Amino acid sequence: LAVFTAFVLPVSGLFQAGPQLVAHRYTYLAALPLALLAGAGLHGVARRQGRRGLAVLVLLTLGLSVALATSARSFVALWHDDVTFCRAAVSAAPDAWAPRGALARAYLARGEEGAALDTLRVGRERLPDALLLTYLEAVVLATSPNDALRDGD
């Protein structure tokens, strides 16, 4: 546990070096010593138990591999496209302005200005002090090629 803490501490968000929150991608390296320790412990138990212990170890390893593969598949699905990823970020941090702004920009990149405006308006209502959301909304309203959305005022 101490090794895991030492590995994950620099990227834990405790000493934040940017606008990002703690990310899942930083925990894999910190988990390696825990995985090695667990594997060594299971191997030791299996060796003392003989062939039966080895069979149990193999079954546990297969079960854990399937569970981890299923979990990884759900995380990989978040990276399908920018909108899917940003929606997950907004869901994970509903009171943060940066994921909402990123989601609006992802919608704009797709040409979905209406969805971008909806995202910005909901974000502005939820986070009235987030000036970037107001700015992005104004930019979309002022520059949209869609006459129905463009509002110079």
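Residues numbered from 1 in each chain as written. Predicted model: local features only at pLDDT ≥ 70, side-chain atom pairs only at ≥ 80, totals over all residues. Heavy atoms only, no water.

(A) Focus on the confidence of the model for the protein. For the protein, per-residue confidence averages 82 on the pLDDT scale, and 84% of positions sit at 70 or higher. Per-residue pLDDT, averaged within each element of the protein, yields its smallest value for helix H1 (residues 2–8) (73) and its largest for helix H5 (residues 97–110) (92). (pLDDT = per-residue confidence, 0-100. Helix = DSSP H or I, 4+ residues; strand = E, 2+ residues; numbered from the N terminus.)

(B) Expanded view of the nonpolar core. Counting 16 residues, the largest nonpolar core has Val83, Leu103, Tyr107, Leu120 and Leu133 as its most contacted members. Elements that contribute at least two residues to this core include exactly helix H4 (82–92), H5, helix H6 (113–126) and helix H7 (131–143). Leave out the neighbours within four places in its chain, and Val83 touches Leu103, Ala106, Tyr107 and Arg110. (Core = buried A, V, L, I, M, F, W, Y, C linked by side-chain atoms within 4.5 Å. Buried < 20%, exposed > 50% of the residue type's maximum accessible area, 1.4 Å probe, protein only. Contact = heavy atoms within 4.5 Å.)

(C) Seen up close, a nonpolar patch on the surface. Together, Leu54, Val58, Leu59 and Leu62 line one region of the surface with nonpolar side chains, adding up to about 390 Å² of accessible area. Inspection of the secondary structure puts Val58 in helix H3 (residues 51–77). For Val58, a relative accessible area of 42% puts it in the partly exposed group. (Patch = residues over 30% accessible without salt bridge, like charges linked within 9 Å, V, L, I, M, F, W, Y side chains within 5 Å. Areas by Shrake-Rupley, 256 points an atom, 1.4 Å probe, with all protein chains shown as cover. Salt bridge = Lys/Arg side-chain N within 4 Å of Asp/Glu carboxyl O.)

(D) Spotlight on H7. In this model, H7 (13 residues) spans 18 Å end to end at C-alpha, consistent with the 18 Å of a helix rising 1.5 Å per residue. Taken together, the buried positions of H7 are Leu133, Leu136, Glu137, Val140 and Leu141. Across the axial projection of H7, the buried residues extend over an arc of 135 degrees, all falling on one side. Away from the buried face of H7 by more than 90 degrees, exposed residues Leu131, Tyr135 and Thr143 are located. The elements touched by buried residues of H7 are H5 and H6. (Expected span 1.5 Å × (residues − 1). Arc of directions from axis to C-beta.)

(E) Up close: the packing of H6 against H7. At a minimum axis separation of 9 Å, H6 and H7 run at an interaxial angle of 150 degrees. In this view, H6 runs roughly antiparallel relative to H7, as classed from their interaxial angle. Handedness of the crossing formed by H6 with H7: left-handed. Contact residues: Glu113, Leu117, Leu120, Arg121, Gly123 and Arg124 in H6; Leu133, Thr134, Leu136, Glu137, Val140 and Leu141 in H7. When the residues that make up the contact of H6 with H7 are grouped by side-chain class, the tally is six nonpolar, two polar and four charged. (Axes fitted to C-alpha atoms, helices over the stretch in contact; angles between N-to-C directions. Parallel < 35°, antiparallel > 145°, perpendicular 65-115°, else oblique. Left-handed = near helix turned anticlockwise from the far one by under 90°. Nonpolar A, V, L, I, M, F, W, Y, C, P; charged D, E, K, R; others polar.)

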